[in-house]
Structure formats: C-alpha cells, structure tokens
Amino acid sequence: MRCSFLSDADYHHITQCENLEDVKLNLSETDYADAVADMSVMTPSDFQAVAIQKLVTEFKYVRTQAVEPLSTFLDFITYEYMIENIMLLLKGALSGRDINELLAQCHPLGMFKESTMRSIPTFEPNAKGFADLYQTVLVDTPVGPYFAMFLQESSNAMGGEVRNVIEEVEIEIIKSSLIKYWIEDFSQFVAKLGGETAEIMGDLLKVRADTNAINITLNSFGTPLNEPTMRSSDRKRLYPAVGHLYPMGTSMLTDVSNEEELGRVLELFPQYASIWNVHAAGADKSIDDAFYERDVQALELAFEGQMHFGSFYAYVKLKEQEIRNMVWITECILQAQKDEINKFVPVFSFHAPWRASSKAR
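First things first, this report covers the structure right here in the doc.

Reading the values: the criteria
Within each chain, residue numbers correspond to sequence positions counted from 1 in written order. Reporting in this predicted model follows two pLDDT cut-offs: at least 70 for local features of residues, and 80 or more for side-chain atom pairs to be given and counted; totals over whole chains, interfaces and linings ignore these cut-offs and use all residues. For side-chain calculations, the full set of non-hydrogen atoms in the structure is used, while hydrogens and water are omitted. Segments assigned H or I by DSSP are reported as helices when at least four residues long, segments assigned E as strands when at least two residues long, and all are numbered from the N terminus. With the radius of gyration taken over C-alpha atoms, the globule rule is written as 2.2 Å times the number of residues to the power 0.38. To sort residues, take the accessible area from a 1.4 Å probe on protein chains only and compare it with the maximum for the residue type: under 20% means buried, over 50% means exposed, and anything in between is partly exposed. Contacts: residue pairs with any heavy atoms within 4.5 Å of one another. Under this rule, positive means Lys or Arg and negative means Asp or Glu; His and the chain ends count for nothing. A charged residue contributes its charge at one atom only: NZ of Lys, CZ of Arg, CG of Asp or CD of Glu. Think of a 1 Å grid over the protein atoms and nothing else: a 1.4 Å probe that fits but is trapped marks a cavity, an open set flanked by protein within 12 Å on at least five of seven lines marks a pocket, and residues with an atom within 4 Å of a point count as lining. Grid points are joined across faces, edges and corners, and a volume is the space filled by probe spheres set on the points. Residue type decides the class: Asp, Glu, Lys and Arg count as charged, Ala, Val, Leu, Ile, Met, Phe, Trp, Tyr, Cys and Pro as nonpolar, and the leftover types, Gly among them, as polar.

Quick notes on the overall build of the chain
Part 1 of the argument: Along the backbone of the chain there are 18 helices and zero strands.
Part 2 of the argument: Here the chain has a C-alpha radius of gyration of 21 Å; the compact-globule value for 361 residues is 21 Å, and the two agree.
Part 3 of the argument: Expressed as lengths along the three principal axes of its C-alpha atoms, the size of the chain is roughly 60 × 50 × 45 Å.
Part 4 of the argument: Relative to its full complement of 361 residues, the chain shows a buried share of 50%.
Part 5 of the argument: Expressed as a percentage of contacts within the chain between residues at least 6 apart in sequence, the contacts between residues at least 24 apart total 62%.
Part 6 of the argument: Treating the 31 positive side-chain charges of the chain as one cloud and the 52 negative ones as another, the clouds have centres 3 Å apart.

The structure is reproduced here in structure tokens:
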C-alpha cells in the first residue's frame, strides 16, 4: 500500500508543469495512471472525483475480502462518511437545495441505498418531520445508534421529548455530537481488539478526538456556545471522552472564553502548544495546515508497525491528504499561482518538516 503514494520526485515534476495536460502526462507514470487515462480534459474537480472513486474501489475490494474483526474495523471507517453525508443532506434540505446536487457532493464511502439517501432530505422542517426521519430512515442505518444517543442526551438535558429536539439544535452541533459518539465507539472497539491495533489505532483516535475538542472550542468563540451557561453544558457535551486532552484538558477547555485562554490551556500540552503557536503567529500556515502536518506524521507511523489494523485507516486518510495536495497543485497551475504551489503536506516525503528537524538534531 505504501508504494502507491506519490514520491518526492513525482511532486517535483508535477509542480514544474505549466498546464494540466502536462500534469496528466506525469500522472501516467504513477498509481493514478488508469484513473486519469480516460479524462479528455483534466480539471481539479474531475481529478478529485476520479481519485476518490479509485480510493473507494480499493477500499471496497479490501472490505469484500475481509473477515472479522477486520471487516467491522473497516465498517467503522465508513461510519464517519455516513455521518458527513447525512448532515450534508439535512443541511441542504433546510436551505432548499436540489437533491441531485446534494447527492453528487456526498462521499462514496458513506452512501446508503439510493432510496434511503433520497428519503433523508424529504422530511418536513418541523418536530414531527424530524421524528419521522429518525424512526423511518435513520434508525435502520449503521449510524442510527449515534442519532438515538444524541436525541436521548439532548432531550434529557433540555427536559423535553425526544421528538422535539432536533429542530432546536444547529446542524453543526448535531454533527459534532455524532462524530464524538463515533470516536468513542471506535475507540472502545479497538481497545477490545488489544495488541498493536489498540496501541496504534487508539493513539490515532486520541489525536482525532483532541483535534475535534480544540476546533469545537475555537469555532465556538463569537457564538452562543461560548456563553457562560452554554460552555459548561452544550459545548462540554461535544468533547469526546477520549484523547490526550481528556479528562484534564477538556475540563479546562470548558472554562475557556477566548483565544488567549485557549492558548494558555494548550501550552500545558507540548504536542499542541506548537500547533497553537502557528495559529497565534498569524503566519501563512493556518491551524488547519498545522493539524494536517501533525496528522500525516502520526498516520505515517502507523505503517512502521506490523500485524495491526491501523494501517488501513492510515491508508485512507493519507490518500485523502494526497488528493488534497493534487487538487491544490492543479488549482495553482490553473490559476497561474506558482508562488503558492508548494504549500501542501506531502506524504512519506523525505523533506517533511518532522524529518528535517530530526536530521538537524
């Protein structure tokens, strides 16, 4: 699996291209050769579509060959995309967007039967409509239990009936809650597997949980979630009960009200202090870029072990990063922004920042 990623030489040649036809020609010597072969005209969005479809085809092939417990592990990977797709359809339905446009934007790894997908945005935007959506559609999906947990927790907190909850909560809060349940459920599953899978995949999920907690806190500033009463109730419930920050760090995040206070909390955790410094400095690199770099480093390490399932998760996530890299590069070429073209995070690169720093030492 590791040899299928673009090399430093591939990136060098592609970033030197003057147009997208040259990019396509260079890709013909890589693992993307078959994917781009039938493209008459290459565009960033078209490349993204065929690259994602290639990844999905590879993933589904592995899934069909897998037996327990690997098959369940691979299913857990898809649950995240199912949640993303459902939230996309719900949000699109509230804004009145066309169902075909929404379905085209859904991730192939998180698709249900077409009839199910088309049923999700057809609910009435009221309490009964949301209740019917859950009871007739979502309850039968693999992520149905996460929706049930969210509805029950929210109704308990609000002292109301379950069916009256969804319409009173913003879609992004629902999404954050569902992702939290998924991370916690996935973490419990890999912990039961034990061995190197529990160690490596458990750490990857802890990192993911911490990223969510930091982003939830940062994005809450200037919103109702940052009001004193909401911090200790609604915002606190969004933090996963797993991670390097849990429980002390997430408890401290509950009381954070601005970026300065968030920075003081993260300074207590060396692995996140450097990432926060990138954001605080206001440099060209965003906090998302810093998270991507940290994620790639952690995901690459998953390939260093043997006899564990974490490499399957790492492969999917690293391929997604590689696709983001290629979309960025092709957009820069298309818009003649060559000065910006190298602002991406290569995978398994000898020039990666963490390898450069280790060599310096």
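Structural notes on the side chain of Thr254
Part 1 of the argument: With respect to the secondary-structure elements, Thr254 resides in helix H13 (residues 248–254).
Part 2 of the argument: Leaving out residues up to four positions away in the same chain, Thr254 has contacts with Arg231, Ser232, Arg235, Lys236 and Tyr239.

Some points on empty space enclosed by the protein
Part 1 of the argument: Scanning all chains against the criterion turns up one cavity of 30 Å³ or more.
Part 2 of the argument: The computed volume of the largest cavity comes to approximately 30 Å³.
Part 3 of the argument: Residue lining of the largest cavity: Tyr32, Ala51, Lys54, Leu55, Glu58, Lys319 and Ile323, and that is the complete set.
Part 4 of the argument: Among the residues making up the lining of the largest cavity, the classes are represented as four nonpolar, no polar and three charged.

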